[in-house]
Amino acid sequence: MPFALSTFEIVAGILLLFAGGELFVAGSVALSLLLGIPQIVIGLTVVSMGTSAPELFVSLLSTIQGGSAGDAIAVSNIVGSNIFNVLVVLGASAAVMPLRVKSRLVRRDVPLLLGVSMATWGMASGGRLTWVAGLALVTGTVINLLWEIRSAKEEPAEAADDLEAEEGAASPPVAAAKLAAGLGLLVVGSQVLVKGAIAAAQGLGVSETVIGLTIVAAGTSMPELVTSLVAAYRGKADLAIGNVVGSNLLNQLVILGLCGLVSGGRGLGVDPVMLARDFPIMVATTLACLPIFWTGGVITRLEGWILMGLYGLYVIEQVLSSSASSVADEFRLFVLVAAVPALMVFLTWSALRWRQQRRLA
């Protein structure tokens, strides 16, 4: 496929995603008012389910195809998407508009996501995710969904306070039509984008491992990115943050769980390199959300840019490792002695500043 055609597909995919993101956010906001439930719950369930559809399609198809290559794409797509969601989707949304964090995210949702991420890493630590592990993850989905429904019933009054009056005029058919149209554009756009990105990467000689963890993962996470960016621009921080946390939960509980079940007796193979490098990074990025979310209750623009910068370091490390470059070790040393300490200093400074502000208040 000519490189020019790949570039056209990438641009077309992005345009479809932006249109779909606008429709999907509008429909989900209207739905939250019609059902009388908080936007944060809608973001953690309905929106995240819809925007996770590309990951579901790509990972399940790869698992059904079988073989080590199919398993690698299925697992790397989920792990890479979760890393992308926290560092890029959340970071870019905060860069557009500082995001005010609901206390329930710190108390319930992020700790839950951290626990699920560590459990998934543990279940895959033997180099294979069995169908039993897949069943356990899917069962966790049902439990979490019931918990979300109960939470929605306990705090119904928040919905009307957060929504604009004109968005409440939408009838149920109109809200459903917006959701369906937005979801359709998101899925089609993500597939066009991934197809063009993979063809372009292969034409440039990039390895399949890097494609799975970065290009495919980023491509299938485009719906999350666009939806959260549109939500942040429109001042719907609950949807922007809830979409990221909810998508990461669903990626592991639903998609990875279903892939484990579909793999049957053979189990879903997990690359040892991913277990040693990418799974720990996925857990670490989730853990990093706690101090960022906690300090001041707002994800600032600076913190958003820092998150995106960390993803840039992650991508560079992926490229250097796949190309067996002699610079890879020097780059890892730089991250260890410079980037990581700088991040720790920033988080400590943010925590101390937040404590001082609380004392003055």
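What counts, and at which threshold
- Residues numbered from 1 in each chain as written.
- Predicted model: local features only at pLDDT ≥ 70, side-chain atom pairs only at ≥ 80, totals over all residues.
- Heavy atoms only, no water.
- Helix = DSSP H or I, 4+ residues; strand = E, 2+ residues; numbered from the N terminus.
- Buried < 20%, exposed > 50% of the residue type's maximum accessible area, 1.4 Å probe, protein only.
- Areas by Shrake-Rupley, 256 points an atom, 1.4 Å probe, with all protein chains shown as cover.
- Axes fitted to C-alpha atoms, helices over the stretch in contact; angles between N-to-C directions.
- Parallel < 35°, antiparallel > 145°, perpendicular 65-115°, else oblique.
- Left-handed = near helix turned anticlockwise from the far one by under 90°.
- Contact = heavy atoms within 4.5 Å.
- Nonpolar A, V, L, I, M, F, W, Y, C, P; charged D, E, K, R; others polar.
- Phe/Tyr/Trp six-rings, centres within 6.5 Å; stacked < 30°, edge-to-face > 60°.
- Core = buried A, V, L, I, M, F, W, Y, C linked by side-chain atoms within 4.5 Å.
- Expected span 1.5 Å × (residues − 1).
- Arc of directions from axis to C-beta.
- Patch = residues over 30% accessible without salt bridge, like charges linked within 9 Å, V, L, I, M, F, W, Y side chains within 5 Å.
- Salt bridge = Lys/Arg side-chain N within 4 Å of Asp/Glu carboxyl O.
- pLDDT = per-residue confidence, 0-100.

Novice: Mind showing me how you'd approach the overall build of the protein here?
Specialist: Looking only at helices and strands, one finds 14 helices and four strands in the protein. Expressed as a percentage of its 361 residues, the buried residues of the protein come to 50%. Surface exposure of the protein reaches about 15,500 Å², of which carbon and sulfur atoms provide 72%.

Novice: Is there a simple way to explain the packing of helix 4 (residues 67-96) against helix 10 (residues 222-233) in this structure?
Specialist: A pair of packed helices is captured by two measures, namely the crossing angle of their axes and the spacing between those axes. The N-to-C vectors of helix 4 and helix 10 enclose an angle of 25°; their axes lie 8 Å apart at closest approach. Between helix 4 and helix 10, the crossing angle belongs to the class labelled roughly parallel. Pair helix 4 / helix 10 crosses with right-handed handedness. Residues F84, N85, V88, V89, A92, S93 and V96 of helix 4 lie in contact with helix 10, whose contacting residues are M222, E224, L225, S228, L229, A232 and Y233. Taken together, the residues that form the contact of helix 4 with helix 10 break down as ten nonpolar, three polar and one charged.

Novice: Help me understand the packing of aromatic side chains in this model?
Specialist: What characterises a pair of aromatic rings is the spacing of the ring centres plus the angle enclosed by the ring planes. As enumerated under the stated definition, the model contains two aromatic pairs in all. Taking the centre distance of 5.3 Å and the plane angle of 85° together, the rings of F84 and Y311 count as edge-to-face. Residue F84 is located in helix 4, and its partner Y311 is located in helix 13 (residues 301-322); the two are separated by 227 residues in the primary sequence. Each member of the pair, F84 as well as Y311, carries the same accessibility label: buried. On the basis of an interplanar angle of 40° and a centroid distance of 5.8 Å, the ring pair of Y311 and Y314 is categorised as tilted. Taken together, the positions of Y311 and Y314, both in helix 13 and three residues apart, correspond to about one turn of that helix. Judged on exposure class, the residue Y311 and its partner Y314 are both buried. One aromatic cluster is present, formed by F84, Y311 and Y314 through successive ring pairs.

Novice: Just checking my understanding: could you explain the environment of C259 for this structure?
Specialist: One can find C259 in helix 11 (residues 237-263). For the pair formed by C259 and S59, sequence separation is 200 residues and the distance between their alpha carbons is 7.0 Å. In this view, C259 contacts S59, L60, T63 and L268; residues no more than four positions away in its chain are not counted.

Novice: How do you make sense of the nonpolar core when you look at a structure like this?
Specialist: Considering soluble globular proteins, one finds that nonpolar side chains tend to be buried as a cluster. The biggest cluster of nonpolar side chains holds 64 residues, and the ones touching the most others in it are V75, F84, L99, L225, I241, F279 and I299. Counting residues per element, this core draws most heavily on helix 4, at 13 residues. Not counting residues within four places of it along the chain, the set of residues in contact with V75 comprises L256, L268, G269, V270, M274 and F279.

Novice: Whenever I open this one, helix 3 (residues 53-65) confuses me. Can you help?
Specialist: In an α-helix there are 3.6 residues to a turn, and that puts residues three or four apart on one side. A rise of 1.5 Å per residue sets the reference length of helix 3, with its 13 residues, at 18 Å; its end C-alpha atoms lie 18 Å apart and thus fit the reference within 8%. When helix 3 is considered as a whole, its buried residues turn out to be P54, E55, V58, S59, S62 and T63. Taken around the axis of helix 3, the buried residues stretch over an arc of 150°, which confines them to a single face. Looking at the residues trailing helix 3, positive phi occurs at G66, about 75°.

Novice: Please clarify how the side chain of E224 should be interpreted in this entry.
Specialist: Positionally, E224 belongs in helix 10. Under the relative-accessibility criterion, E224 is labelled buried at 0%.

Novice: Explain a nonpolar patch on the surface here, please?
Specialist: A surface patch of nonpolar side chains, amounting to about 350 Å² of accessible area, comprises W131, V132, L135 and L261. Tallying contributions element by element places helix 6 (residues 131-154) first for the nonpolar patch, with three residues. The residue V132 is located in helix 6 in this model. You can call V132 partly exposed: its relative accessible area is 46%.

Novice: I'm lost on the confidence of the model for the protein in this one. Help?
Specialist: Interpreting fine coordinate detail is not advised for predicted regions of low pLDDT. Considering every residue of the protein, the mean pLDDT works out to 78; 80% of them sit at 70 or more. Across the protein, strand 2 (residues 128-129) holds the top mean pLDDT of 90, while helix 7 (residues 158-162) sits lowest at 43. Low confidence marks residues 156-168, where pLDDT is under 50. Its contacts with residues over four positions away, or in another chain, come to 25 contacts.

Novice: Help me understand the pattern of salt bridges, please; the structure alone is not making it clear to me.
Specialist: Opposite charge on two side chains allows them to pair when their charged atoms are near. Counted according to the given criterion, the structure contains three salt bridges. We note a salt bridge from D71 to R266, for which the minimum N-O separation is 2.9 Å. Here D71 is found in helix 4, whereas its partner R266 is found in the loop between helix 11 and strand 3 (268-269), with 195 residues between them in sequence. For D71, a relative accessible area of 4% translates into the label buried. The residue E317 makes a salt bridge to R277 at a minimum N-O spacing of 3.6 Å. Residue E317 is found in helix 13, and its partner R277 is found in helix 12 (residues 272-294); the two are separated by 40 residues along the sequence. Residue class for E317 comes out buried when judged on its relative accessible area of 13%.

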